[in-house]
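Summary of the model geometry
If you want the building blocks of each chain, they are given just below.
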Amino acid sequence: MQIKNTAASPDRLTGVSADFGNASLHETIVSGDVMSMDEIPGIDLPAGALVELRSGSYHIMITNLKNGLKSGDIVHLTLEFQQAGQISIPAEVSTY
């Protein structure tokens, strides 16, 4: 997922929610031979910047699924921004 802040001022992604499970913002951290996926409170979005959420970096983690999902399913997420407020988006399920 790519998020572009088209505003002239910075914003921050502060949360994500989903009606099909618990959603949270995470970042993959590699320290030596150890990789962890840590929950984070938000992602800064500088004015005019494009920020990518992807495997091995910033990403949205879904846990406690209410029903089965498979790769290719389309779900809906609500992103919460400090300035832009809530924005609902469709997202394709991808599993690794």
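Anyway, here's the lowdown on the structure attached to this text. (Residues numbered from 1 in each chain as written. Predicted model: local features only at pLDDT ≥ 70, side-chain atom pairs only at ≥ 80, totals over all residues. Heavy atoms only, no water.)

1. Re the layout of surface pockets
What counts, and what does not: Two kinds of site are reported from a 1 Å grid over the protein atoms alone, namely cavities, where a 1.4 Å probe fits but cannot get out, and pockets, open sets with protein on both sides within 12 Å along at least five of seven lines, and residues are called lining when an atom falls within 4 Å of a point. Grid points are joined across faces, edges and corners, and a volume is the space filled by probe spheres set on the points. Secondary structure follows DSSP: runs of H or I at least 4 residues long count as helices, runs of E at least 2 residues long count as strands, and numbering of each begins at the N terminus. Residue type decides the class: Asp, Glu, Lys and Arg count as charged, Ala, Val, Leu, Ile, Met, Phe, Trp, Tyr, Cys and Pro as nonpolar, and the leftover types, Gly among them, as polar.
What the second largest pocket holds in volume is close to 210 Å³. Top contributing element to the lining of the second largest pocket by residue count: strand E1 (residues 2–4), with three residues. A class-by-class count of the residues in the lining of the second largest pocket yields 10 nonpolar, five polar and two charged.

2. Some details on the pattern of salt bridges
Filter applied, for reference: Whenever a carboxyl oxygen of Asp or Glu lies within 4 Å of a side-chain nitrogen of Lys or Arg, that contact is scored as a salt bridge. Note on classification: 1.4 Å probe, protein chains only; a residue is buried when its accessible area is under 20% of the maximum for its type, exposed when over 50%, partly exposed between these limits.
Evaluated as defined, the whole model comprises three salt bridges. Residue Arg12 pairs with Asp44 through a salt bridge whose shortest N-O separation is 2.6 Å. Taken together, the positions of Arg12 in strand E2 (residues 11–18) and Asp44 in strand E5 (residues 43–45) put the pair 32 residues apart, joining distant regions of the chain. For the salt bridge of Asp73 with Lys70, the shortest nitrogen-to-oxygen distance reads 3.1 Å. Judged by relative accessible area, Lys70 falls into the exposed class, the value being 54%.

3. What to know about the environment of Leu79
Rules: Between two residues, a contact is recorded if the distance between any of their heavy atoms is within 4.5 Å.
Within the secondary structure, Leu79 is located in strand E8 (residues 74–81). Judged by relative accessible area, Leu79 falls into the buried class, the value being 4%. If sequence neighbours within four positions are ignored, Leu79 has contacts with Met1, Ile3, Leu13, Gly15, Val16, Ile60, Gly85, Gln86, Ile87 and Ile89.

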